[in-house]
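# Observations on chain architecture
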Amino acid sequence: MGYKKLGCYNDNDEKFERPLSDLLFTDLDMSSRVFSGTQFTTDSMDSLYLSDLVERCALKTKEFGFAVFGIERVGMT
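Keep in mind the model is a prediction, meaning the values are calculated, not measured.

Here we take up the overall build of the protein. When its secondary structure is counted, the protein shows one helix and zero strands. Looking at the protein residue by residue over its 77 residues, the buried ones come to 18%. Restricting the contact set of the protein to residue pairs at least 6 apart, pairs at least 24 apart contribute 46%. Carbon and sulfur atoms make up 52% of the accessible area of the protein, which totals about 6600 Å². Seen as two clouds, the 9 positive and the 13 negative side-chain charges of the protein have centres 5 Å apart.

What follows covers the nonpolar core. Membership of the largest hydrophobic core is limited to six residues, which are Leu 24, Phe 25, Phe 40, Tyr 49, Leu 53 and Cys 57. In this structure, Cys 57 is in contact with Phe 25, Phe 69, Gly 70 and Ile 71, ignoring residues within four places of it in sequence.

Let us look at the side chain of Thr 26. Following the sequence through the fold, Thr 26 ends up in the segment before helix H1 (47-64). A polar contact is formed between the side chain of Thr 26 and the backbone nitrogen of Leu 28, at a distance of 3.0 Å. For Thr 26, the contacting residues outside a window of four places in its chain are Ser 32, Val 34, Phe 35 and Ser 36.

Analysis parameters
Residues numbered from 1 in each chain as written. Predicted model: local features only at pLDDT ≥ 70, side-chain atom pairs only at ≥ 80, totals over all residues. Heavy atoms only, no water. Helix = DSSP H or I, 4+ residues; strand = E, 2+ residues; numbered from the N terminus. Buried < 20%, exposed > 50% of the residue type's maximum accessible area, 1.4 Å probe, protein only. Contact = heavy atoms within 4.5 Å. Areas by Shrake-Rupley, 256 points an atom, 1.4 Å probe, with all protein chains shown as cover. Lys, Arg positive; Asp, Glu negative; His and termini not counted. Charge placed at Lys NZ, Arg CZ, Asp CG, Glu CD. Core = buried A, V, L, I, M, F, W, Y, C linked by side-chain atoms within 4.5 Å. Polar contact = N/O pair within 3.5 Å; in protein donor to acceptor, adjacent residues only side chain to side chain.

In structure tokens, the structure reads:
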């Protein structure tokens, strides 16, 4: 699946409506109704995982008919 990187952006979800407000899936929350089935761990954070994550997101975006997607890191320091 092809995709083109548009850039790296930051939003302030406290002041404005989020530009990408639909959560298509998550690897972090196994109790979520949109859990992907692939559990993220800090041990899995490598280039293979990231490539797979972006590919899965691109496919899911196409499935839902969206033109753009974003990857968000939540709750990790």
